[in-house]
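Structure at a glance
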Amino acid sequence: MSELGDFLKARRAAITPEEVGLPPIGNPRRVKGLRREEVAQLAALSVDHYTRLEQGRVTATSENVLAGLARALRLTADEHTYARTLARSRPARRSPAAARVAGPVQDLLDALTHTPALVLGRRTDILAWNSAAAALFVDFAALRPGHRNLVRLLFLEPRMRALYTDWPAVAAEAVASLRMDAVHATGDARLAELVGELSLRDDDFRRWWGGHAVRAAGSGRKHLRHPVVGAIALDWQAMRLGAAPDQTLVTYTAPAGGPDHDALRILTSWSTDPTRLDG
């Protein structure tokens with residue numbers, strides 16, 4: 001089985017015949033979701049070709065085939081992009097060296113005294129942060145470098161789990177975003193280690209990762225229950241750094257003049273000393 005085959009199988013299982021205008025033939029049906037022959041019919045493919053594609057026995061997939069599968073499986077724009085990337089990706093031969101954040105980027109983080117900000121690398125590794133982010137989340141400097149990973153903290157750090165009022169939705173979205181980013185790191189040993197650890201230690205992660213949901217999230221709102229300032233809602237934005245395309249700047253803000261903005265100012269006024277990543 002291939003990553004693309006696993007993804008197609010998961011999407012096939014998530015769709016009922018009624019959703020795509022097919023009669024519910026067979027009572028009870030012996031498979032969850034659509035049958036392979038039904039997907040092949042909807043995508044205008046032979047059953048043999050679709051079967052070989054799902055089993056990972058097809059090495060090249062055309063744009064037309066992928067477009068047909070996207071229609072048949074009702075893929076979102078993110079899911080279609082994910083499938084296209086999987087179809088042309090090649091396994092990485094080795095994990096990349098540890099990423100470093102440029103000095104001017106850290107200077108920018110430190111200048112945002114009342115705006116929590118992080119720089120995330122591949123696999124949602126936390127590469128840099130400012131004091132406001134440490135006040136909002138956890139003291140990242142006190143964590144082992146290998147544990148500075150946003151998805152890992154969401155699942156294995158009790159303080160992070162307790163911080164979000166809607167933790168299941170936040171965590172499921174983070175898993176979908178991780179899978180979307182992971183398509184560019186096929187064969188990455190460090191990613192495999194992260195997924196393996198979380199799959200063993202958390203049932204929710206294992207279920208969500210196995211569901212193959214994907215999402216390219218760029219902004220949104222987080223609802224938090226902070227131990228210092230109580231309930232607070234923050235808007236977040238994710239921006240790729242032009243000079244380092246594998247790095248993403250994430251900021252957390254609140255509309256000026258509102259209670260969330262006031263709470264954020266109180267929280268971030270605790271510390272004005274920048275927190276830097278050692279080494």
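Residues numbered from 1 in each chain as written. Predicted model: local features only at pLDDT ≥ 70, side-chain atom pairs only at ≥ 80, totals over all residues. Heavy atoms only, no water.

**Focus: the pairing of strand 5 (residues 244-253)**
The pairing of strand 1 (residues 117-120) with strand 5 spans four bridges and is antiparallel. Paired with Leu 118 across the two strands is Val 250, which belongs to strand 5. Sheet analysis places strand 4 (residues 230-241) next to strand 5, joined by seven bridges and oriented antiparallel. Residue pairing in the sheet places Trp 236 in a bridge with Tyr 252 of strand 5. Connecting the antiparallel pair strand 4 and strand 5 is a turn made up of two residues. (Pairing = 2+ DSSP bridges. Helix = DSSP H or I, 4+ residues; strand = E, 2+ residues; numbered from the N terminus.)

**Description of the sheet that holds strand 1**
Here we have five strands laid out as an open sheet, ordered 2-1-5-4-3, and antiparallel in their pairing. Two strands lie at the open edges of the sheet, namely strand 2 (126-129) and strand 3 (219-226), each paired on one side alone. Each strand axis lies, on average, 25 degrees off the axis of its neighbour in the sheet, ignoring direction. Against the sheet, helix 13 (residues 259-268) makes contact with strand 3, strand 4 and strand 5, and its axis sits at roughly 80 degrees relative to strand 4, the strand it touches most. (Axes fitted to C-alpha atoms, helices over the stretch in contact; angles between N-to-C directions. Contact = heavy atoms within 4.5 Å.)

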